[in-house]
Amino acid sequence: MSTEEKSAAPRSLAEALRARDDVSLAALLRSRPDLITPVPTDLTQLATRAGTRASVVRALERLDRFALQTAEALAVAPDPASYGELRALMGGDEEDPVVSAALPRAAALLREQALVWGADDRLRLVRTARELLAPSPQHPSPTGLGPTVREATAGMSPGRIQEILAAVGLSSTHDSVSAVSALGGLFADRRRMAALLSGLPEESRQVLDRLVWGPPYGQVTHDPAAHLRALLDRGLLLPTAPGTVVLPREVALHLRAGRAHRLPEPVPPPVEAAATHRPQVVDATAAGQALAALGVVDELLKEWDEGGPAVLRAGGLSVRDLKRTAVALDVPEPVAAFWVELAYGAGLIASDGEADERYAATPAYDEWRELPPAERWAHLAGTWLTATRTPGVVGGRDAKDRTLSALGPNLDRSAAPEVRHRVLALLAGLPEGASPVEESVLARLRWERPLRGPQREQRDVGPVRDDDLRSRVARWTLSEAELLGVTGRGALAAPGRALIGAPEAPRPAGAEAEPEGPGDKLPVHHHTPPVAAPPTSAERAAATATAARLLQPLFPEPLDHVLLQADLTAVAPGPLERGLADVLGVLADVESKGGATVYRFTPGSVRRALDAGRSAADLHAFLARHSRTPVPQPLTYLIDDVARRHGRLRVGAASAYVRCDDDATLDEILADKRAAGLGLRRLAPTVLAAQADPAALLEGLRALGFAPAAESAAGDVLIARADSHRTPPRTAPVPVPDGPPAPDDTLLTAAIRAVRAGDLASTTPRKPGPGDGGGGAGDGGEDGARGGELPRTGAAETLATMQAAVLTGEALWIGYVNAEGAASQRVIAPIRVEGGFVTAYDHTADEVRTYPLHRVTGVAELADDAG
């Protein structure tokens, strides 16, 4: 490297960032949004923040497996390391061509995210990342490597080191430093190491084989066996503590043929296709599931229309209420929890906030019901895709060992939206109509976001473990997408593809052929496209609108008729128009669901319709208008019989009273022993008073076989409507972000501009002032340049310098403290000084501003070569 190249090479992370263009800085801030919250004052502060432990940990956790392996290799490489040394550690002595081809991308990614800086001949891993990934007895390296010879012999006596030199055939040295260097050079020399190892007994080689891939530590007694003594004498095992030895890193690398990892994984595992179906079949199946999903949510909301289950003191549904809901929906409890959470996330249900707090439908539910079916589905699907509340964890335990309940607290998992979107994106990458092998999806996700710690030791051998949150959310995503109709037969449907913004897949010629066998394997892409920035709210709205548009033609047209049968049932051969379904849902009970829904008419259901304000004539006309078959005579008789008795009794508030024009009916009630609990007594020939409240009196009389109607204080019949209870307006739960939100282009542009301007203010050379050593801000270490302290000058000198700059047009370097007490450095070009204020063009803000002179801490002229 020439002298010019050495001087141009960055000496710190701050200098490396300073050399980047705006596009590169924007990529850094987009991939690590925590660096921009709040916006750093200059590049020195940005570099310092990029090296903090919390930020580095977060960045490492978002690397794919091969990029993380590359960082781990740099952590055990010399500091700094050349690109050639890194390639040798990743590819081994034979230089695996696949690894060599993938390494530039991984190295570029680490450099882009400011985890690695420096030229290719002097690559440096940021200090915090090295501390996190380098091997130590407390935190073994994922590579399985131990300390270097220099690190392992740090506390060894000089005499013992010279003995090891003699045992391996090296000349003694005059000091320990040169001795350790000579020993390390021997272990790093492939030819001499092969000769040294060839002289060992087989038992010694077996010990090395057990330690070579980690952990590198072992236990020995105070009097080790001969095969262990041979290793200790030659320094192939070095003591680290009484009874503990370690395999030096150089020895392990020789035994590994130079590889830092046992199994480098430069290529992501492919997502395999389990079976393929015709796209038309997939879309039709998904549409059927979507229609069923709307029916389940409708049924849930109708079940809770008059007030749902009580809210637990700690929030959420009780286990008993969840079971009741599951029975009412005829689904397993985990599936019931999914539908309940989906309705809650969509803002359709909430707690009513009353003293006796219960869950109920919200006013948004009524608005949602008026939407076309496809738009209602798109609202639910869009909510599901972005929700952080994760119903799959319901029934588990939280950090305080409390049961997690549906609709309760602590169900948010901030990684859930990203996992759902990624799973669907992987499905979109398969050929159209292909359903995936679930384990291959989980393996791919584990490659893209590998776990840190002991769980990362699992590789691709055997099935993927399901003990991490991302794998569990992925499994739930596949099942929930099928329930919701985002997928059909396991394959992504066209509306689901639009929901995530994926382009429509071209359908190849001959797509009508449908290989349905589960063994059909399809070729898939091996490489992952770059992860795009999270979509904006406008993009999400456009995606859901497109999904609704694609789904609408797949839904069957709603029917305006039913088939009445003589056994007091009605058959709906398909989905009904909303008005017809609403009235029929009040007039009859649902007996069975499926492709056709069967309704049954009973005295109770007819009375329910009469209570809702319908007359017998209304019901006859309704059935005649909407039935494709003649109205059966038994149904006509049932309606007339219930209507004849309905309302003959009137119940009002006394506590309660009963009035009836037929005093014989009242005599019958008084004579019935079952009415004793109501506390009835006659006030007049046609009026009875009761001790029970009106609601209890209504239920009691109905239990006796009568059909009373409630009336108001004015004597009017009260109409009981099923949808009478609503919560006050409620806001749907807001997803919990997974860290700071990703900045948009406008924020990135403004932030980079502010950082550049602040960096100019902190690094611009300035002329020395009185008592000042002069010079600009200095650069030091990896943490970046430390800006000079704020200039300090007296008020008179500050004023004089400002006035002179107005005349000469020169720029000045000032220190400024704002009204909140925050100090900053700025480069300004004074325009006018008057009334205790200076008006100047502020290079830092790139605009003209006015500053009070009493808030300027000091001023300094810029050096002549500052430009």
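This one's a predicted model, so the numbers in the text were calculated from it and none came from an experiment. (Residues numbered from 1 in each chain as written. Predicted model: local features only at pLDDT ≥ 70, side-chain atom pairs only at ≥ 80, totals over all residues. Heavy atoms only, no water.)

## Side note on the pattern of salt bridges
- Summed over the entire model, instances satisfying the criterion amount to 37 salt bridges.
- Ionic pairing is found between Arg160 and Glu163, a salt bridge with its closest N-O pair at 3.2 Å. Within this pair, Arg160 and its partner Glu163 are both found in helix α11 (residues 158–167), separated by three residues, close to a single helical turn.
- You can call Glu163 partly exposed: its relative accessible area is 47%.
- With its nearest N and O atoms 3.3 Å apart, the salt bridge here joins Arg832 to Glu834. (Salt bridge = Lys/Arg side-chain N within 4 Å of Asp/Glu carboxyl O. Helix = DSSP H or I, 4+ residues; strand = E, 2+ residues; numbered from the N terminus. Buried < 20%, exposed > 50% of the residue type's maximum accessible area, 1.4 Å probe, protein only.)

## Digging into the nonpolar core
- Membership of the largest hydrophobic core comes to 91 residues, with the highest contact counts inside it found for Phe187, Leu236 and Leu237.
- Those residues within four positions of Phe187 in sequence are excluded, and the remaining contacts are Val149, Met193, Leu196, Arg234, Gly235, Leu236, Glu250, Val251 and His254.
- One finds Ala337, Val340, Ala343 and Leu551 within the second-largest nonpolar core, a separate group that totals 71 residues. (Core = buried A, V, L, I, M, F, W, Y, C linked by side-chain atoms within 4.5 Å. Contact = heavy atoms within 4.5 Å.)

## So, the sheet that holds strand β24 (residues 847–852)
- Read across the sheet, five strands follow the order β24-β23-β22-β21-β25 without closing on themselves; strand pairing throughout is antiparallel. Strands at the two margins of the open sheet, each flanked by one partner only, are β24 and β25 (856–861). Taking the axes of each pair of neighbouring strands and ignoring which way they run, one obtains an average angle of 45 degrees across the sheet.
- Judged from the six bridges that link them, strand β23 (residues 837–842) and β24 form a sheet pairing that is antiparallel. Among the inter-strand pairings, Val838 is bridged to a residue of β24, identified as Tyr851.
- Across the face of the sheet, helix α34 (residues 795–808) comes into contact with β21 (812–817), β22 (823–834), β23 and β25 while running at roughly 65 degrees to β22. (Pairing = 2+ DSSP bridges. Axes fitted to C-alpha atoms, helices over the stretch in contact; angles between N-to-C directions.)

## Details of the packing of helix α27 (residues 578–587) against helix α28 (residues 603–611)
- Where α27 contacts α28, the axes come no closer than 7 Å and their chain directions differ by 125 degrees. Taken together, the axes of α27 and α28 lie oblique to each other. Of α28, the residues touching α27 (which contributes Gly585, Val586 and Leu587) are Ser605, Val606, Arg608 and Ala609.
- When grouped by side-chain class, the residues that make up the contact of α27 with α28 number four nonpolar, two polar and one charged. (Parallel < 35°, antiparallel > 145°, perpendicular 65-115°, else oblique. Nonpolar A, V, L, I, M, F, W, Y, C, P; charged D, E, K, R; others polar.)

## Regarding the packing of helix α22 (residues 416–428) against helix α24 (residues 469–484)
- At a minimum axis separation of 9 Å, α22 and α24 run at an interaxial angle of 60 degrees. In terms of orientation, α22 lies oblique with respect to α24. The element α22 and its partner α24 pack so that their crossing is right-handed. Touching Ala416, Glu418, Val419, Arg420, Val423, Leu424 and Leu427 of α22 are Arg470, Val473, Ala474, Thr477, Leu478, Glu480 and Ala481, all from α24.
- Taken together, the residues that form the contact of α22 with α24 break down as nine nonpolar, one polar and four charged. (Left-handed = near helix turned anticlockwise from the far one by under 90°.)

## Some thoughts on the environment of Ser318
- For Ser318, the location among the structural elements is in the loop between α17 (279–303) and α18 (319–329).
- Relative accessible area serves as the criterion here: at 18%, Ser318 is assigned to the buried category.
- Spatially, the C-alpha atom of Ser318 lies 7.9 Å from that of Ala406, the residues being 88 residues apart in sequence.
- Within the structure, Ser318 has its side chain in polar contact with the side chain of Asp321 (distance 3.0 Å). (Polar contact = N/O pair within 3.5 Å; in protein donor to acceptor, adjacent residues only side chain to side chain.)

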